[in-house]
Amino acid sequence: MNVGISVPLPAYLVDVGFMARKAEELGFESFFCAEHPFIPVHSKSRFPGSEDGVIPEAYSHFVDPFVALARASGTTSRIKLGTGIVLVPERHPLLLAKEVSTLDLFSGGRFLFGIGAGWLREETQIMGGDFDHRWTQTRESVLAMKELWTKPEAEFHGKYYDFPPVRSYPKPMQKPHPPVLLGGGAKKVLERVVAWGDGWLPNRVTPDQLRESRATLDRLAKDAGRDPSSITITVHGQPADRDLIRRLHDAGANRVLVRPPAVKTIAEMGTELTKIADAVLR
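Residues numbered from 1 in each chain as written. Predicted model: local features only at pLDDT ≥ 70, side-chain atom pairs only at ≥ 80, totals over all residues. Heavy atoms only, no water.

**What about the packing of aromatic side chains?**
Aromatic ring pairs: the centre-centre distance and the angle between the two ring planes describe each pair. Selection rule: Pairing of aromatic side chains requires ring centres within 6.5 Å, counting the rings of Phe and Tyr and the six-membered ring of Trp. Pairs whose planes differ by under 30 degrees are stacked, by over 60 edge-to-face, and all others tilted. Only DSSP runs of H or I reaching four residues or more are called helices, and only runs of E reaching two or more are called strands; each is numbered from the N terminus. Each residue is placed in one exposure class: buried if its accessible area under a 1.4 Å probe, protein chains only, is under 20% of its type's maximum, exposed if it is over 50%, and partly exposed if it falls in between. When the NZ atom of lysine or the CZ atom of arginine is within 6 Å of a ring's centre and also within 35 degrees of its normal, the charge is said to sit over that ring.
For the coordinates displayed, the defined rule picks out nine aromatic pairs. Between the aromatic rings of F66 and F111, the centroid separation amounts to 6.0 Å while the plane-to-plane angle is 45 degrees, which identifies the pairing as tilted. Taken together, the residues F66 in helix α2 (residues 65–74) and F111 in strand β5 (residues 111–116) connect sequence positions 45 residues apart. When sorted by exposure, F66 lands in the same class as F111, which is buried. A ring pair is formed by F113 and W149, whose centres lie 6.1 Å apart and whose planes are at 80 degrees; its orientation type is edge-to-face. Here W149 lies in helix α5 (residues 134–150) and F113 lies in strand β5, a separation of 36 residues in the sequence. Taking relative accessible area as the criterion, F113 reaches 0% and is therefore assigned buried. An aromatic cluster is built from F47, Y59, F62 and W119, whose rings are joined through pairwise contacts. Over the ring of F131 we find R134; its NZ or CZ atom is 3.9 Å from the centre of that ring.

Next up, the structure:
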C-alpha cells in the first residue's frame, strides 16, 4: 500500500526536513504540505471540516509549501513530495509555474502538484481571486502553466490571465509536467479531473463513496478517450488505521495520506512517525 505523511498544524514546530527524511527512512511513499497564506480575522465563511463551521485556530499556522518542500527535497532522495493543496487562484501562474518546475527539477522529478480553488471567500478575495468562479479561474491558470511547462516560448490569452510570448525556465523534469491532482469534493470535480487533471485528491470520503467515485472516474475517462489507470486518487487526512487504509486502497485509492499529531520536538515527531509506520506499514 502507498501511504504518505502530511504535515500537521501548526506546521513549523518541527523541521520539515527531519520529518521528510524520517518518513522516507520508515518507508512512507510520499510527503505532503498544505497552504493558507493567512486567515482573515473577520470572516463569514463556514469551515467545511466541522459541524459548527468555526475556523480552527490552527488554520493560522501554515507554512509556505514550496519553501517547506524544497527543504524536504534537500534531505531526501526517493520520497514523493506533494502539495495538498496549493490555492491556485491566490497565485499568479507565471510565478507558480516556475515554483513547480524548479522544485520538480531539483527534487529529481518527485513533485505531485495537488491543487484547489479554496473555500474561504474572504481570503480568495483579498488575494484578488474570483471566488464565485474560482474553479474556472483555476482551470485557466493550469492551462496557462501547461503552456509554460511544455513550450520554449509560451503565451496565453484568457479572461483571468493574459500574457504575450515569454520564455520560462527551467522546465520540469517530469514530462510533460508533474501530475496535477485536483482536491476537494465539488460537484463537478471528477469531470474536471478527466478534462484537465491527472488525479483526484479528496479529504472527506468513505471507502464506499470512493468506490463509487472511482467507477465514475473510470467511466468518464473511457468516454473521453483517456486510460482510466493513468488517473490517480490520493485520499488525504486519514487516521493511522491499517484496516481503513486497506479498504480505501481496495476501493480505488492509489495512495492514502496520514497526518501525525502536532508535537513540539524532533524526538516526539520521530516517535509519532514510527508509531504510524508500525501501525500501517509493517
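**Structural notes on the nonpolar core**
Here is the rule we go by: Note on terminology: a nonpolar core comprises buried Ala, Val, Leu, Ile, Met, Phe, Trp, Tyr and Cys residues joined through side-chain atoms within 4.5 Å. The criterion used for residue contact is that any of the two residues' heavy atoms lie within 4.5 Å.
In terms of nonpolar packing, the biggest core is built from 69 residues, with I5, F28, F31, F113 and L210 touching the most fellow members. Ignoring any residue separated from it by four or fewer positions in sequence, one finds F28 in contact with V3, G4, I5, A23, I79, L273, I276, A277, V280 and L281. The next biggest cluster of nonpolar side chains, apart from the first, holds six residues, and it includes I39, F47, Y59 and W119.

**Describing a nonpolar patch on the surface**
What counts here: Only residues whose relative accessible area exceeds 30% and that form no salt bridge enter a patch; like-charged residues are grouped when within 9 Å of one another, and nonpolar side chains (Val, Leu, Ile, Met, Phe, Trp, Tyr) when within 5 Å. Methods summary: accessible areas were calculated by the Shrake-Rupley approach with a probe of 1.4 Å, and residue burial reflects only the protein chains presented. Whenever Lys or Arg places a side-chain nitrogen within 4 Å of a carboxyl oxygen from Asp or Glu, that contact is recorded as a salt bridge.
On the surface, L105, F106 and M173 cluster together into a nonpolar patch covering about 320 Å² of accessible area. Structurally, F106 is set in helix α3 (residues 93–106). On the basis of relative accessible area, F106 is assigned to the exposed category, the value being 67%.

**Topic: the pairing of strand β8 (residues 180–183)**
In plain terms, the rule: Between any two strands, pairing holds if DSSP finds at least two bridges. With its strands directed away from the observer, a crossover is right-handed exactly when the path from the first strand over the helix to the second travels clockwise.
Covered by surrounding structure in β8 are V180 and L182 together with L181 and G183, the residues of both alternating faces. Relative to β8, β5 is paired through three bridges, and the arrangement is parallel. Within β8, the residue paired with G114 across the bridge is L181. As defined by bridge partners, β8 adjoins strand β9 (residues 199–201) across three bridges and the pair is classed as parallel. When the bridges of β9 are listed, L181 appears paired with G199. You can see the chain leave β8, run along helix α6 (residues 189–196) and come back into β9, and the turn it takes is right-handed.

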